[in-house]
Amino acid sequence: MADESAARDYSLLAEPLAPSTPQPEIHIKAPLETTPAARPQAIPAGRVAVSAFEKILLIVTGVITVALATVIVATQISVADAQRNLQDVEQTIATVQAKNSDAKQTINEIMQSSHLDAVAAKDGLTFNEANIRNVSK
């Protein structure tokens, strides 16, 4: 008895609750038979047809790419050379400036009156205030 009531309950669940709507009829047309001459030929999977224009375009693009890469490398080399030359010039300038600074310091030391008096005394010269003239513009 329990089996009959369970089967009845499941059969009620299987029936749709909403009224059924008519399903539209679908018609599928069979493909038309084509003749072997009209069928397009398949290209083998490993090969792709490339026209002469495409070949020329690829070659020109490759040549331009190689040329531009060469120009970039040459430019980088010339920039590196210019930087090296700039560093050499800056080092030379720093060396000359150091020598100039040393020379100015030496000149200032030699031009001091105490040094001049010492050199004059060593050579037997005397300092005469009457012979000194101040000139101004």
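Check the entry above for the structure.
Please read these numbers as outputs of a predicted model, since none were measured by experiment.

Below, the discussion takes up the overall build of the protein chain. For the protein chain, the helix and strand inventory stands at three helices and zero strands. Helices and strands appear in the protein chain in the N-to-C order α-α-α. Taking all 137 residues of the protein chain together, 1% fall into the buried category. Summed over its atoms, the accessible surface of the protein chain is roughly 13700 Å², and 63% of this surface lies on carbon and sulfur atoms.

Glancing now at the pattern of salt bridges. For the structure on display, the rule yields one salt bridge. We note a salt bridge from Arg84 to Asp81, for which the minimum N-O separation is 2.3 Å. A residue pair is termed a helical-turn pair when its members lie 3 or 4 positions apart in one helix, as Arg84 and Asp81 do in helix α2 (residues 52-110) at three residues. Owing to a relative accessible area of 47%, Arg84 belongs among the partly exposed residues under this scheme.

A surface patch of nonpolar side chains, amounting to about 370 Å² of accessible area, comprises Ile56, Val60, Ile64 and Leu68. Its location among the elements puts Leu68 in helix α2.

About the criteria used
- Residues numbered from 1 in each chain as written.
- Predicted model: local features only at pLDDT ≥ 70, side-chain atom pairs only at ≥ 80, totals over all residues.
- Heavy atoms only, no water.
- Helix = DSSP H or I, 4+ residues; strand = E, 2+ residues; numbered from the N terminus.
- Buried < 20%, exposed > 50% of the residue type's maximum accessible area, 1.4 Å probe, protein only.
- Areas by Shrake-Rupley, 256 points an atom, 1.4 Å probe, with all protein chains shown as cover.
- Salt bridge = Lys/Arg side-chain N within 4 Å of Asp/Glu carboxyl O.
- Patch = residues over 30% accessible without salt bridge, like charges linked within 9 Å, V, L, I, M, F, W, Y side chains within 5 Å.

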